[in-house]
Amino acid sequence: MHPPGADTVLLRHGDVNTKSNTVKRYMEGILVENLEALLADREVTGDVEQRWNRPLIHTTEDDVEAALQAATDAFGVVSASACRRVEPEPEAIYEVLVEAAREHYDGGTFAVDARRAEKDLPFTSEDIARGGGTAIWEAVEEHGTFDPEVDLDDPDITFGVEVHDDVAFVYLESVDGPGGLPLGSQAPMVALVSGGIDSPVAAYEIMKRGSRVIPVYVDLGDYGGPDHEARAMETVATLSQYAPNFDTSVYRVPGGETVALLAETMEEGRMLSLRRFFYRIAEQIAEHTNASGIVTGEAIGQKSSQTGQNFAATSRVTDLPIHRPLLTWDKQDIVARAREIGTYDDSTINAGCNRIAPDRAETNAQLERLLEVEPDDLLERAEVAAREATLIEIGG
């Protein structure tokens, strides 16, 4: 919902505002580049203007909704509004407010939420809110189809106004974005992707904090299969839509032989040795790609292999930090986020893969005991597998 004639998207960021002016300007520049890439990838008409605190997308009325959607998919954007630009004069603002009310206010309560970006303007935010509310009230009364009613606490419709020294914006809603930091403003991370629900959500959450991800998929051989791999690739393809100007090619690592060895020779600690195998592979890819950490979809206690004690035993296989963005999330929250970002359907396709988990789960592993029962050459196998990885282009 937007005012008639809206042809601009007003963006708001949050964490970027906490930075020094130099860093803030740098991050806003990255955000502009990412917005331009999203618009181009989706074939949306729009030019991005880097304004201090408030980047803008100049577009057309026909494309303003699509531009708004692109803006609210950009990491670093807290919210955005489709706006009508007007002169920063009260009467010009009131005129557009009345136009918006005639098109969208058809009963119930309303409010005008006005803000000034500069304090030296010859009127206050309260002046604009009061004058705009009066203009809307009088226009509705004149029309005579219903009685207007003001509710400043919980209105049915809010008319937003933001006034700068050179321009004012009128809008009707603020649409939430992902927040976080602009993608590319932090060091890249290797993300272990399995095609399940959790790992793509974890990758998304790291992207939200500004780090592009380098996806790594370990082929499980007979314990995985082409369908298992296909859904992993599909989830990465979905993530790539949020990062069209970044390479999201997947490192496909052959791990079937080692997975079979673990299944055949280990009962105790099998899943933990498998995690150590994955982590060492990820470490090798990270060294090759100059990534600064490893990302997984693990949540504490979600599975028997994901206890705090088990994390302690498995994480020591690498010197790199292992980031677990979902560490404290409940499963229903992970599922909800997967639905929100579009990876859920691909993650839940029946892959028909065999289960590698043993009958008896290990929940309180000791590293010394794990080293006694796992293959002596497990880590060497991981390093060889990483060197044999092939790169699969996804898009982006």
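All of these numbers come straight from a predicted model, not from anything done at the bench.

Side note on the overall build of the protein
Each helix and strand counted, the protein has 13 helices and 15 strands in total. Judged by the C-alpha coordinates and their principal axes, the protein covers about 85 × 40 × 35 Å. Counting over 396 residues, the protein shows a buried share of 55%. Contacts in the protein between residues at least 24 apart in sequence constitute 81% of all its contacts with a sequence separation of at least 6. Entry remark: accessible area of the protein is about 17800 Å², with carbon and sulfur atoms responsible for 43%. A distance of 8 Å separates the average location of the 34 positive side-chain charges in the protein from that of its 72 negative side-chain charges.

Some remarks on the pairing of strand 10 (residues 186-192)
Of all seven residues in strand 10, five are buried; the element is thus mostly enclosed. Bridging between strand 10 and strand 11 (residues 211-219) involves five bridges; their strand directions are parallel. If you follow Met-189 over to strand 11, its bridge partner there is Val-213. Handedness of the crossover joining strand 10 and strand 11 through helix 5 (residues 198-208) is recorded here as right-handed. Note that strand 10 and strand 13 (residues 294-295) share two bridges and pair parallel. What sits directly across from Ala-191, in strand 13, is Val-295.

Focus: the packing of aromatic side chains
Taken as a whole and assessed by the stated rule, the structure comprises eight aromatic pairs. Seen from their ring centres, Phe-110 and Phe-159 are 6.2 Å apart, and the 80 degrees between their planes marks the pair as edge-to-face. One end of the pair, Phe-110, is in strand 5 (residues 109-116); the other, Phe-159, is in strand 7 (residues 157-163), and 49 residues separate them in sequence. Owing to a relative accessible area of 1%, Phe-110 belongs among the buried residues under this scheme. The class for Phe-159 is buried, based on a relative accessible area of 0%. Following the ring pairs from residue to residue traces out a cluster consisting of Tyr-105, Phe-110, Phe-146 and Phe-159. It is Arg-324 that lies over the ring of Phe-311; its NZ or CZ is 4.0 Å from the centre.

A word on the packing of helix 5 against helix 10 (residues 331-341)
The geometry of helix 5 relative to helix 10 is characterised by a closest axis approach of 9 Å and an angle of 70 degrees between their N-to-C directions. The pairing of helix 5 with helix 10 is recorded here as roughly perpendicular in orientation. Of the residues in helix 10, those touching helix 5 at Asp-198, Pro-200, Val-201, Tyr-204, Glu-205 and Lys-208 are Lys-331, Ile-334, Arg-337, Ala-338 and Ile-341. Each residue belonging to the contact of helix 5 with helix 10 can be placed in one class, and the counts come to six nonpolar, no polar and five charged.

Section: empty space enclosed by the protein
On inspection of all chains with the given rule, the structure shows one cavity of 30 Å³ or more. Lining the largest cavity are Asn-34, Leu-38, Ala-74, Phe-75, Leu-183, Tyr-242, Ala-243, Pro-244, Asn-245 and Phe-246. Residue classes in the lining of the largest cavity are distributed as eight nonpolar, two polar and no charged.

A look at a nonpolar patch on the surface
Together, Trp-137, Val-150 and Leu-152 make up an exposed nonpolar region whose accessible area comes to about 300 Å². Residue classification places Val-150 among the partly exposed positions, given a relative accessible area of 42%.

Re the sheet that holds strand 15 (residues 390-392)
The strand order across the open sheet built from six strands is 14-13-10-11-12-15, with neighbouring strands paired in mixed fashion. On the outer flanks of this sheet lie strand 14 (322-323) and strand 15, each paired with one strand and no other. In this structure, strand 11 lies alongside strand 12 (residues 250-254), joined through four bridges in parallel fashion. Within strand 12, the position partnered with Val-218 by the bridge is Val-253.

Things to note about the pattern of salt bridges
Close approach of charged atoms allows side chains of opposite charge to pair. Per the stated rule, a full pass over the model turns up 23 salt bridges. Notably, a salt bridge pairs Arg-51 with Asp-166, separated by 3.1 Å at the nearest N-O pair. Remark: Asp-166 occurs in the loop between strand 7 and strand 8 (168-171) and Arg-51 occurs in the loop between strand 2 (47-49) and strand 3 (56-58); sequence separation between them is 115 residues. With a shortest N-O distance of 2.2 Å, Glu-205 and Arg-337 are connected by a salt bridge. Of this pair, Glu-205 sits in helix 5 while Arg-337 sits in helix 10, and the two are 132 residues apart along the sequence. For the pair Glu-205 and Arg-337, one class covers both residues: buried.

A short note on the pairing of strand 7
Within strand 7, six of the seven residues are buried, which leaves it mostly tucked inside the rest of the structure. In terms of strand pairing, strand 7 meets strand 8 through four bridges, oriented antiparallel. Opposite Gly-160, over in strand 8, you have Tyr-171 as the bridge partner. Remark: four residues form the turn of the hairpin made by strand 7 and strand 8, two consecutive strands paired antiparallel.

Calculation criteria
- Residues numbered from 1 in each chain as written.
- Predicted model: local features only at pLDDT ≥ 70, side-chain atom pairs only at ≥ 80, totals over all residues.
- Heavy atoms only, no water.
- Helix = DSSP H or I, 4+ residues; strand = E, 2+ residues; numbered from the N terminus.
- Buried < 20%, exposed > 50% of the residue type's maximum accessible area, 1.4 Å probe, protein only.
- Contact = heavy atoms within 4.5 Å.
- Areas by Shrake-Rupley, 256 points an atom, 1.4 Å probe, with all protein chains shown as cover.
- Lys, Arg positive; Asp, Glu negative; His and termini not counted.
- Charge placed at Lys NZ, Arg CZ, Asp CG, Glu CD.
- Pairing = 2+ DSSP bridges.
- Right-handed = clockwise from strand over helix to strand, strands pointing away.
- Phe/Tyr/Trp six-rings, centres within 6.5 Å; stacked < 30°, edge-to-face > 60°.
- Lys NZ or Arg CZ within 6 Å of the ring centre and 35° of its normal.
- Axes fitted to C-alpha atoms, helices over the stretch in contact; angles between N-to-C directions.
- Parallel < 35°, antiparallel > 145°, perpendicular 65-115°, else oblique.
- Nonpolar A, V, L, I, M, F, W, Y, C, P; charged D, E, K, R; others polar.
- 1 Å grid on protein atoms, 1.4 Å probe; cavity = no way out; pocket = protein on both sides within 12 Å on 5 of 7 lines; lining within 4 Å.
- Points joined across faces, edges and corners; volume = space filled by probe spheres on them.
- Patch = residues over 30% accessible without salt bridge, like charges linked within 9 Å, V, L, I, M, F, W, Y side chains within 5 Å.
- Salt bridge = Lys/Arg side-chain N within 4 Å of Asp/Glu carboxyl O.

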